[in-house]
Each structure stands twice: as structure tokens, then as C-alpha cells.
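# What the coordinates show
Residue-level listing of the chains:
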Amino acid sequence: MSEPAYRPRTLFQKIWDNHVVHAEEGRQTILYIDLHMVHEVTSAQAFEGLRLAGRPVRRSEKTVATADHNVPTTDRSLPIVDQISKQQIDTLRNNCQEFGITHYDLNDPNQGIVHVIGPELGYTQPGMTIVCGDSHTSTHGAFGALAFGIGTSEVEHVLATQTLLQFKPKTLELRVDGQLRPHVTAKDMILYLIGQITTDGGTGYCVEYTGEAVRSLSMENRMTVCNMSIEGGARAGMIAPDETTYEYLRGRKYVPQDFDAAVEQWKQLPTDEGATYDKSLVFNAADIAPQVTWGTNPGLVVPVDANVPKPSDFSDATEQKTAAGALDYMGLSGGEPITDLKLDRVFIGSCTNARIEDLREAAAVAKGHKVSDHVDAMVVPGSGQVKQQAEAEGLDHVFKEAGFDWREAGCSMCLAMNPDKLSPGERCASTSNRNFEGRQGKGGRTHLVSPAMAAAAAVAGHFVDIREWK
Amino acid sequence: MKAFTTHTGLVVAMDRANVDTDQIIPKQFLKRIERTGFGEFLFWDWAKLDDGSENPEFELNKPAASGASVLIARRNFGCGSSREHAPWALEDYGFRVVIAPSFADIFYNNCFKNGMLPIKLTEEQVEDLFQRAASHDGYQLTADLEKCELSDVHGLSLPFDVQEFRRHCLLNGLDDIGLTLEHEDKISAYEAAHA
């Protein structure tokens, strides 16, 4: 009897293979889901569906909930003013009680953005399949997990069956060789990559980020990169686990009890030598400068020392039309230096950039400075734990002394479902992930940047090249 | 789930690429806890002027678009959020078919869960449909999922691709959860092996 031939596999392929419950030619595979995260905005209809069909939650212990999208970031001892928001938050609480699901409620010290609390509590682990009714679930891929966003019908499917029906995506390797230059961050890396592959370049793929520059990133920075995979069209983005991953997880609340045994398992996950991807693209970290988006999708991005493009800079007719529409919405004519753009608002927060390292980076820039008198700037920590840690380090004082507003945890002005929003025409430097029209408030103009670039812009009142910051 | 077999309806052309889910249904309307009633908020920021009145320039507000149920748009339709409120809003408004050169993955998947057919064509084929819509008043298309064919009364007959299993489920309005639970024994076996 001969042994089956050894076939080198990618990280993605290994996780996929480990989770196949049932596969049939031409059909969607039934894939087992290890962790299902739930929030208030995309779950109510799913729970209602279960009730109507008389179905229970199959594995409530594999489901974790928190309220984040809709929550006020002001004083939590006060009642929620927006009654419709309140109803949605109350509905989640009641559903979790009824179906026996762990819920980090508004006043829980561990409440926060679902993609911040999953990793910090140790729910997120290498090799897992993780889903949530939110497209930025790709964040968890930073741990070498297969993590992606799903719709509400799929939320209901996972609640009822602990599985999901999936066609296997193709794999795309984005390799970044070399080291990032000083003051260039993970946010700049991912914005640059999206600029290169465009906003739909990853459609149909699961991305694996590889290369020396990626390996050198901290866990927080890896999360920033994977978080924005969806902005390049990819539902999932992942980074192979390594010592950085294991050290981040060691000692966290919900990691496996026999942690060392788990690590030995996780060490089997990285892509094997000789495994191939459906597509591979290679970039050089030294080519990446601090990035600023100028348009209305995250792929419309340039280095901070460049000028805003003109429609004529694009070759294809659809892209020219998109660029013209974006310039019009953004109140730009094209050709102006990015550093000339004057700002009204600065937002430091979101599942992309509201972890402790992000706040440290921003505080280091803001320290000893004052926010420009025509800028309204706010910092919204990603979770209760991040807030507590930042306060223990005195970062809140740095921000407050500089004139930043220091808030409670939540999604806040990343999507402006709560009262934090832009007014029409306001121009904002934001550490979030989407610069779509109206995303931060109808008529609001969003420029995506790194936390350090956002802090410097708040002080200067316009974009500045962080490499020249003193 | 709602079934889809064949549909003939008025076409509205949206000459825009990267139409994102924040445009399809802005976040202030995501606070409802029902699946229905989102249609009146469809494309809100484009459909309404600052004073809340209807924007007469917006494609869907033009008299010729009244009653449209087939939407054609440019590449990467439905990018952004996973919110199923986007297909809910399109469906509630009256759309049954969306045609574009490409769709964002999550949006595409969400359409099938709501009895709506997203059809991917080439850029050239979509351009041809834009021209047909512009040159015929009251232009209608028929999407036949049995035959996987798009047609009009002016001689168009265009095959389209859709994964066989998705087609089967949509034609029969099959409930995904019910289908999966037919394999409940396999889920239990998986759980026992991975406990």
C-alpha cells in the first residue's frame, strides 16, 4: 500500500480542509464555524427567524455578542437618547438572554468593537473559522484564522447549524518584501496595497499577506492590515501565525488551557514550502510612503507628498467617471497638493485603528501640541480594555491636554450610526476604513490615514508628511 | 426563501461603478429590527435633496424609471458592508434582477438569500445593455433563470452564468437552513470528532 503523495498546502487550504463537514461536487461546502460574533445591527432579524421557525441556537457557547455599532460614546451612565438605537441594543440583550449567549453589554468593562474584543479576550485563535455579520471580520485573519463577514440570513444559518454554506474562494498572495521606512505604518501598507490592486482587485479571493514587512508587524498592526482586506474586495485576509501571534495570545482569558499544546498545533498551520496560490503579487516595502485617500473608495489613494489626481490621469472611461464624481463630492478640483487640504474634523478610532498601539502612536505625535483651532478632534478607544489601558498609561491626559475629545468605546464616527457624525461639507482625517460618500455623515468628506498622520493633521489643521514631523 | 424562475421588467440604468452598500441603504436606516420596509430608504442620499424633497436628477426618480424592477450598473456593485439591508432595500423597492460586470462577494451572496437574481456579464455586454436602455423608451428585459438567458423584444438573446447549485436553490426557493439540517448527522459527527 503506498502512502498518499504529500501535497503542500496554503494556510487557507489547511483551515478549509479542517472544517469541511460535508462536500459535494458542484455544491456549496458545509463548513464548520468555530466562533460566531454577533452585534446589534445585523442580528435581530436572524434571531427573529429562529423564533419563527422554532429553532434553537445550536452551539450558544461558540457565539459571543456585544453592542458596538450603534452605541453612544458619551457618558454611559446617561440613558440612550436615540430610542430606535436603544431598541436595537435592548433587542440584542433580550435575544442573548433568551438563547443563552454570552453578551458584553454597554456597561461591561469588556464591551467594545466586536473585532477589538474578540482578539483581546483570546476568543480569536489561529486555525479557527470565524464569522460575524460585519465585513470587517477579516480583522481576525491576523491570527492565522479564516475570518469573514456574512449577511443576516447567514447569521441565522450559523446560529441554527453552527455551519455555513460556502463556495471555496481562490487564494491571492500579497507579498511585501523588505522593511517599511520610518514613520510608515501598517495602515499605509494596506492603503498602498488597495491602491495597487484597486477596490475590487481581491473580489473572489482569500488573501494571505506574506513577506518580511508583514512578518515584522505587531499583532495590532497585522489586524489593521487584515481588517481592510474587504476594502480591496477580498472577504478574508490572513497572516500565518508565528511567535508574535503566540506571545500576544498567551495569558488571555479564553485561550486554550493547555496553551503550549495549542501552540504546537498552531505551528502546523503556516503555508507549506512549495504550496501555490491562485495568484501572487509582490511589492517592495521601501516603495510605500504615508498614504492619504482623496476619493470616495479606499482604492483612490496617493502618497502624502503627491497631488490629488485629475480624471485625465486615469486611462479607462469608467475610472475617469468615478474620479470625476469623487472629486466633485470631495470638493476638490484635482491637482492640489494633499498637504494643502484643510481639515475640520479628525477621528481616531474604529476596528481598523483603535487598539492600544494605535492610540500610543497618535499620542506620541500629539504630545505637547494643541489641536488646531479650526479642527474638532476626537479619540474613540476600540474597547473598554483599550480605554482602561490607555488611561493607565496617561494617554487620555495627552489627548485631552492637546484638545482631543476622549470618548467611550464603540464604532462611533466610522459609520456614524450613533450621534458622532460629520456635517455636510466637513473634511475629516479619519483612521477608519471607508471613505464612501456619506459614510461619516451625509455630505461629509473622509480622508483615510494612519493614527500618526491623523494626530499630526489635527495639530497642523491640514495634512502633513509625518516623516517631517517635529 | 422566495423563488425566482423568470422575470420581465422595466430597466433602469445607473451609470455608476463601485455603488457601495452605504449608498444603497445609508446607516441611519439600519436600526430597524425587521426585514421589511427598507425600500423607501433605497439610495436615500442620492434620491433626496438636502431639504428632504425628491432629487429629480436621480436616475430612479425620473418618470421613465417608475416601476423599474431590473437594475443595470457598472463594475463592483454592492461593495462595502455585509449588511443584508442592501438587498432587502432593493427587493422591497421592487427590484428582482441586478445586472453588472462584477459584484462584491458578500452582496452577491446576500441577493440569492432574498429571491433576487444578480447577473454578471462582461463590461462590453453591460455597455450594450446601457445603449439599448438609452435607445428604447420603456426598455424591458426578461431574465429567465430556467434557461439562464437574458432577452428583450428587440432581438437580444444573451446567455448568463450562475453556479448550478445557487440556480437550483433560487428556482425552487429552497431554505438553506433546511438543506443543511438534512446533514445534521454529519455536523454532529464533526463535533464529536473535534470535541
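Residues numbered from 1 in each chain as written. Chains lettered and ligands numbered in written order. Predicted model: local features only at pLDDT ≥ 70, side-chain atom pairs only at ≥ 80, totals over all residues.

## Examining the overall build of chain A
Counting its secondary structure elements, chain A contains 15 helices and 19 strands. Taking 23 Å as the expected radius of gyration for a compact globule of 470 residues, we find that chain A reaches 22 Å, a close match to that expectation. When the backbone C-alpha atoms are referred to their principal axes, chain A occupies close to 70 × 55 × 45 Å. Every one of the 470 residues in chain A was classed for burial, and the buried ones make up 59%. Contacts spanning at least 24 positions in sequence make up 78% of the contacts within chain A whose residues lie at least 6 apart. (Helix = DSSP H or I, 4+ residues; strand = E, 2+ residues; numbered from the N terminus. Rg over C-alpha atoms; globule rule 2.2 N^0.38 Å. Buried ≥ 20, exposed ≤ 12 C-beta atoms within 10 Å, placed from the backbone. Contact = placed C-beta atoms within 7 Å.)

## What to know about the overall build of chain B
Helix and strand counts for chain B come out as eight helices and seven strands. In summary, chain B has a C-alpha radius of gyration of 18 Å against a globular reference of 16 Å for 195 residues, a match within 12%. Principal-axis analysis of the C-alpha atoms gives chain B an extent of 60 × 45 × 25 Å. In chain B, which comprises 195 residues, the proportion classed as buried is 45%. Long-range pairs, those at least 24 residues apart, make up 68% of the contacts in chain B between residues at least 6 apart in sequence.

## Examining the nonpolar core
Ranked by size, the top nonpolar core spans 145 residues in total, and within it A:M189, A:V346, A:A366, A:A454, A:A455, A:A457 and A:A458 carry the most contacts. One finds B:A13, B:A68, B:I72 and B:L129 within the second-largest nonpolar core, a separate group that totals 50 residues. (Core = buried A, V, L, I, M, F, W, Y, C linked by C-beta atoms within 7 Å.)

## Describing the sheet that holds strand 2 (residues 70-73) of chain B
Residues and elements named next belong to chain B. What the seven strands build is an open sheet, ordered 4-3-2-1-5-6-7; its pairing is mixed. Each edge of the open sheet carries a strand with a single partner, namely strand 4 (117-120) and strand 7 (157-159). Direction aside, neighbouring strands of the sheet carry axes that sit 25 degrees apart on average. Note: strand 6 (residues 149-151) against strand 7, three bridges, orientation antiparallel. Pairing of L150 across the sheet is with L158, part of strand 7. Strands strand 1 (6-14), strand 2, strand 3 (97-100) and strand 7 of the sheet are contacted by helix 5 (residues 123-135), whose axis makes an angle of about 120 degrees with strand 2. (Pairing = 2+ DSSP bridges. Axes fitted to C-alpha atoms, helices over the stretch in contact; angles between N-to-C directions.)

## Considering the interface of chain B and chain A
At the junction of the two partners, chain B supplies 42 residues and chain A supplies 52 residues. Contributing elements (two or more residues each) for the side of chain B that touches chain A: helix 1 (21-24), helix 4 (105-112), helix 6 (164-172), helix 7 (176-181) and helix 8 (184-193) of chain B. Across the side of chain B that touches chain A, the residue classes tally to 12 nonpolar, 13 polar and 17 charged. (Nonpolar A, V, L, I, M, F, W, Y, C, P; charged D, E, K, R; others polar.)

## A short note on the packing of helix 2 (residues 44-53) of chain A against helix 5 (residues 152-161) of chain A
Residues and elements named next belong to chain A. Put simply, helix 2 and helix 5 touch, their axes get as near as 8 Å, and they point 50 degrees apart. Here helix 2 is positioned oblique relative to helix 5, judged by the angle of their axes. In the packing of helix 2 onto helix 5, the handedness of the crossing is right-handed. Note on element contacts: helix 5 touches helix 2 through T152, V155, E156, L159 and A160, opposite Q45, A46, G49 and L50. Residue composition of the contact of helix 2 with helix 5, by class: five nonpolar, three polar and one charged. (Parallel < 35°, antiparallel > 145°, perpendicular 65-115°, else oblique. Left-handed = near helix turned anticlockwise from the far one by under 90°.)

## Some points on the sheet that holds strand 3 (residues 35-38) of chain A
Strand pairing within a sheet occurs via backbone hydrogen bonds; the two strands may be parallel or antiparallel. Residue and element names in this part refer to chain A. Taken in spatial order, the five strands make up an open sheet running 5-4-3-6-7, and their pairing is parallel. Of all the strands in the sheet, the pair left with one neighbour each is strand 5 (102-104) and strand 7 (146-149). Within the sheet, the average angular offset between the axes of one strand and its neighbour, ignoring direction, is 20 degrees. Strand direction decides the pairing type here: strand 6 (residues 129-132) and strand 7, joined by four bridges, are parallel. Within strand 7, the residue paired with C132 across the bridge is G149.

## Remarks on helix 6 of chain B
Residue and element names in this part refer to chain B. Listed as buried for helix 6 are R166, C169 and L170. Buried residues in helix 6, looked at end-on, bunch into an arc of 95 degrees, giving them a common side. The outward face of helix 6, more than 90 degrees from its buried face, is lined by the exposed residues E164 and N172. As for helix 6, its buried residues are in contact with helix 4 and strand 4. Residue G173 follows helix 6 closely and has a positive phi angle near 60 degrees. (Arc of directions from axis to C-beta.)

## Brief notes about the pairing of strand 3 of chain B
Residues and elements named next belong to chain B. Residues V97 and I99 of strand 3 are buried on one face, and the alternating residues V98 and A100, pointing to the opposite face, are buried as well. When strand 2 meets strand 3, the two strands line up parallel, connected through three bridges. Across the sheet, residue L71 finds its bridge partner in strand 3, namely V98. Where the polypeptide runs from strand 2 across helix 3 (residues 85-93) and back to strand 3, its parallel neighbour, the crossover connection is right-handed. Judged from the four bridges that link them, strand 3 and strand 4 form a sheet pairing that is parallel. Looking at strand 4, one finds that V97 is bridged to L117. Each parallel crossover has a hand, and the one from strand 3 via helix 4 to strand 4 is right-handed. (Right-handed = clockwise from strand over helix to strand, strands pointing away.)

## A closer look at the confidence of the model for chain B
Put simply, chain B has an average pLDDT of 96, and 100% of its residues get 70 or more. The complex prediction reports pTM at 0.96, with the ipTM value standing at 0.95. (pLDDT = per-residue confidence, 0-100.)

## Describing unusual backbone geometry
Of note, A:A416 is a non-glycine position whose phi angle comes to about 55 degrees, a positive value. Here A:A416 lies in the loop between strand 17 (405-406) and strand 18 (427-430). The class for A:A416 is buried, based on 24 C-beta atoms found within 10 Å. Positive phi outside glycine occurs at B:C148, with the angle close to 50 degrees. Structurally, B:C148 can be placed in the loop between strand 5 (140-144) and strand 6.

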